[in-house]
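# An overview of the molecular structure
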Amino acid sequence: MQELVRGIKINIIGNVFRFSRLGFIALAAVLYGTELFGVYTVAWATAEILNRFGLLGLENGLLFELAHFKNTGESRKLYQKITSSLKACLIVSLLGSICLIVYTYFGVDVALVRHSLFILAPLIPLYNAGILLIQATMG
């Protein structure tokens, strides 16, 4: 029963943090103005789409599969799963980042958006690999 109460508390705290993002968005729109907030929104949305694309949904399945391999004592399969997931994630993320850089170079005219996307593009594979490693640690 205590674990259930603890889980509910953690869930409530997570929802409070999730809803606090609304306050950040409202405050950022007021402080930075509509043009800079629009640049932030475009850059962040583009990076988020490429993050979802690059992860391939592996972060959800990795947790459960690694826990299963650990319980069955198949350490070889466990490490193979981690490495194959990281390879697939990095390859797709790198391709997405390269495509974003090419698109940004040739197709984006606004200097602020171009600069923001050039900064975010190389970070996408690192972020995705970090997410997978966190899930592997949890698994």
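From a predicted model like this one, the values you see are computed outputs, not experimental measurements. (Residues numbered from 1 in each chain as written. Predicted model: local features only at pLDDT ≥ 70, side-chain atom pairs only at ≥ 80, totals over all residues. Heavy atoms only, no water.)

## Considerations on the nonpolar core
Core analysis: the largest hydrophobic core is formed by twelve residues, namely L55, L58, L62, L66, F69, L78, I82, L86, C89, A129, L132 and A136. When residues of this core are traced back to their parent elements, those giving at least two are helix 2 (58–72), helix 3 (75–107) and helix 5 (123–138). Leave out the neighbours within four places in its chain, and L78 touches L66, F69 and K70. (Core = buried A, V, L, I, M, F, W, Y, C linked by side-chain atoms within 4.5 Å. Buried < 20%, exposed > 50% of the residue type's maximum accessible area, 1.4 Å probe, protein only. Helix = DSSP H or I, 4+ residues; strand = E, 2+ residues; numbered from the N terminus. Contact = heavy atoms within 4.5 Å.)

## Side note on unusual backbone geometry
With a phi close to 60°, L56 is a non-glycine residue in the positive phi region. In this structure, L56 sits in the loop between helix 1 (2–55) and helix 2.

## Focus on the environment of G96
Mapped onto the secondary structure, G96 falls in helix 3. G96 sits in the buried class, given a relative accessible area of 11%. Note: C-alpha distance between G96 and A121 (25 residues apart in sequence) is 8.4 Å.

## Observations regarding a nonpolar patch on the surface
Taken together, the side chains of L90, L94, I98, I101, V102, Y105, F106 and F118 define a hydrophobic patch exposed on the protein surface, amounting to about 780 Å² of accessible area. Looking at the nonpolar patch element by element, the count peaks at seven residues for helix 3. Residue position: I98 is located in helix 3. (Patch = residues over 30% accessible without salt bridge, like charges linked within 9 Å, V, L, I, M, F, W, Y side chains within 5 Å. Areas by Shrake-Rupley, 256 points an atom, 1.4 Å probe, with all protein chains shown as cover. Salt bridge = Lys/Arg side-chain N within 4 Å of Asp/Glu carboxyl O.)

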